[in-house]
Amino acid sequence: MSQLFAESRVPRAARTARGVDIALVVYRPIAKLDVDRLVLHAAELLTCRGPQSGIHGAALRAVETITDGALAIQGERIVAVGTSSDIIAAYAAPDIVDAAGKLVTPGLVDPHSHLLYGGTRHEEYESKVTQRAPETPMEGGIRYTARKTREASDGALIGQALGDLDVMLAHGTTTLEAKTGYGLEQDEELRLLRLTAGLKHPLQVVPTYLALHVLPHEYARRRQAYLEQAMAALPEACKLAPYCDVSCDPGSFTFDECLQVGEAARALGMKIRVHADQHGDARGALLAARLQASSADHLDYASDEGLRAMAHAGSVATLLPGVTLHLCEMTPRFEGAVLGPAEKPFMPLVARRAIEAGTVVALSTDYNPGSCPTPSMQMVMQLAARLYRLGYAETWNMCTLNAARALDLGRDRGSLEPGKRADIVIWSVATHGMVINRFGVNLADTVMASGKVVARSGRLV
Ligand code: NIG
Ligand code: FE
């Protein structure tokens, strides 16, 4: 504790205090608490405060803002949040960050990515958007990425992942879920999981073992044998990752297959995530509820019954607008030279149905080389508002506290509140709506992770 006289306050206190108390009021030392760092004078401080269990229903449409907002930080934690005058009156720090004219928010949380992969899929993408066959036949899809990943050395995979984490952090993401999934076979999946769990970076990575992604061709007639080898990795996987993910989709695995692997993972203490109902209703949302999954993701074709079951089970619905954009899912396919009828559900309905079912809705990149090559949660926010017709408050809640809840971290981060990790973004714009209204450039100015400044002027320090 420092015993400071707040001398600048003397004249004002003397004017406003009455009678014989004046001397006592004016000259009593004011005890300020010493902390490591203050962030002061934010044009707007967006707390994203809410229940640890996440925000749902009508509450999604509101987000708390403090004008001339400020924060006090001690070590890796936030100790106080308020107006600048409140914080200045109560705290002193050797390091003051001036956020004048700027928006201050919690760090963004990205709860779905496939961080480690080899190769690129940009060539097949041109065929996809033009719907013209490539001049020379080419391999593509998840199985192609799995081959390129197997060919990549540990050092190459780690180097690429660290570079991607740098970009994500500079764009305001301070926590990332990272799944395996391009191993497809037990040994390779475990290699990817060990590399993911061993990553050292200021952006915190939460690893997931993606046990069931797609079936390798050689297992086409031996599906149960494939499940067995995926489950054989669980005793090792559960030491490396808190989560096991299964893909319950018409193009990948059935409800019963996912249930079998999911229950085996739960028996070893792992929590569950589900790729659910991306290409059709495979009862993936119902599976997520049955396994009390932390989150089910994609959900384009999830049934209302499934979404309601998820709300009841406390499973977060994580939507992936980058996939919607990149796979042109908002756009009808070509039929000959003209556009045909839309095949996908009208995209805004995906978000509205999830909200109306009462689920906690989150947003994520699904960063991967195939269906979503953007590592930017800013881009995801900007796309979500446009493609799903979400308001600014809804979008912010879904990328902060609700995204933290999708990783069972709602108690620890996702909002600016005393006791939470000091993961903070100071933006180059003054209000939260502008982060969503503008698009295409990095609007994150200063990023703090666990109380330390890790990026300034959009660049890592
Ligand atoms: O989450 N089932 C989908 N898996 C990934 C796609 C990855 C890829 O295309 O390489 C997804 O979207
Ligand atoms: Fe995915």
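Computed from a predicted structure; not experimentally measured.

Membership of the largest hydrophobic core comes to 136 residues, with the highest contact counts inside it found for Ala-285 and Leu-319. By residue number, the principal contributor to this core is helix α15 (residues 377–388), which donates 7 residues.

Neighbouring ligand 1 are Ile-142, Thr-145, Ser-247, Ser-252, His-275, Gln-278, Val-323, Asp-366, Asn-368, Pro-369, Gly-370 and Ser-371. Each residue belonging to the shell around ligand 1 can be placed in one class, and the counts come to 3 nonpolar, 8 polar and 1 charged.

Let us look at unusual backbone geometry. Residues other than glycine seldom take positive phi values, yet Leu-299 does so here, at roughly 70 degrees. Note that Leu-299 resides in the loop between β14 (295–298) and α12 (304–313). Overall, the presence of 29 C-beta atoms within 10 Å leaves Leu-299 in the buried class. Residues other than glycine seldom take positive phi values, yet Ser-450 does so here, at roughly 50 degrees. Assignment of secondary structure puts Ser-450 in the loop between β20 (444–449) and β21 (452–456).

Let's shift gears to the pairing of strand β15 (residues 316–319). Taking every second residue as pointing to the same face, both faces of β15 are buried, with Val-316 and Thr-318 on one and Ala-317 and Leu-319 on the other. Sheet analysis places β14 next to β15, joined by 3 bridges and oriented parallel. Residue pairing across strands places Ser-295 opposite Val-316, the latter belonging to β15. As for the winding sense of the linkage, the β-α-β connection from β14 through α12 to β15 is right-handed.

This next bit is on the confidence of the model for the chain. For the chain, the average pLDDT comes to 92, and 93% of its residues sit at 70 or higher. Within the model, the stretch residues 1–28 combines pLDDT values under 50 with 21 contacts to residues more than four positions away or in other chains.

Further remarks concern the packing of α15 against helix α16 (residues 392–399). Relative to each other, α15 and α16 sit at 140 degrees, their axes nearing to 10 Å. Considering the angle they form, α15 stands oblique to α16. Classified by chirality, the crossing of α16 by α15 is right-handed. Residue-level contacts link Met-377, Val-380, Met-381, Ala-384 and Ala-385 of α15 to Thr-395, Met-398 and Cys-399 of α16. Split into classes, the residues belonging to the contact of α15 with α16 amount to 7 nonpolar, 1 polar and no charged.

A few words on the sheet that holds strand β11 (residues 204–212). The strand order β9-β10-β11-β12-β13-β14-β15-β18 describes an open sheet built from 8 strands, whose pairing is parallel. The open sheet has two free edges, formed respectively by β9 (108–110) and β18 (361–363), since each of these has just one partner strand. For this sheet, the mean angle separating the axes of adjacent strands, direction not counted, is 25 degrees. Pairing between β11 and strand β12 (residues 243–248): 4 bridges, direction parallel. Of the residues in β12, the one forming a bridge with Tyr-209 is Cys-244.

Within the sequence span of α12, burial applies to Gly-306, Leu-307, Ala-309, Met-310 and Ala-311. One or two residues past the end of α12 sits Gly-314, with phi positive at roughly 80 degrees.

Rules and cut-offs
- Residues numbered from 1 in each chain as written.
- Chains lettered and ligands numbered in written order.
- Predicted model: local features only at pLDDT ≥ 70, side-chain atom pairs only at ≥ 80, totals over all residues.
- Core = buried A, V, L, I, M, F, W, Y, C linked by C-beta atoms within 7 Å.
- Buried ≥ 20, exposed ≤ 12 C-beta atoms within 10 Å, placed from the backbone.
- Helix = DSSP H or I, 4+ residues; strand = E, 2+ residues; numbered from the N terminus.
- Near = placed C-beta within 6 Å.
- Nonpolar A, V, L, I, M, F, W, Y, C, P; charged D, E, K, R; others polar.
- Pairing = 2+ DSSP bridges.
- Right-handed = clockwise from strand over helix to strand, strands pointing away.
- pLDDT = per-residue confidence, 0-100.
- Contact = placed C-beta atoms within 7 Å.
- Axes fitted to C-alpha atoms, helices over the stretch in contact; angles between N-to-C directions.
- Parallel < 35°, antiparallel > 145°, perpendicular 65-115°, else oblique.
- Left-handed = near helix turned anticlockwise from the far one by under 90°.

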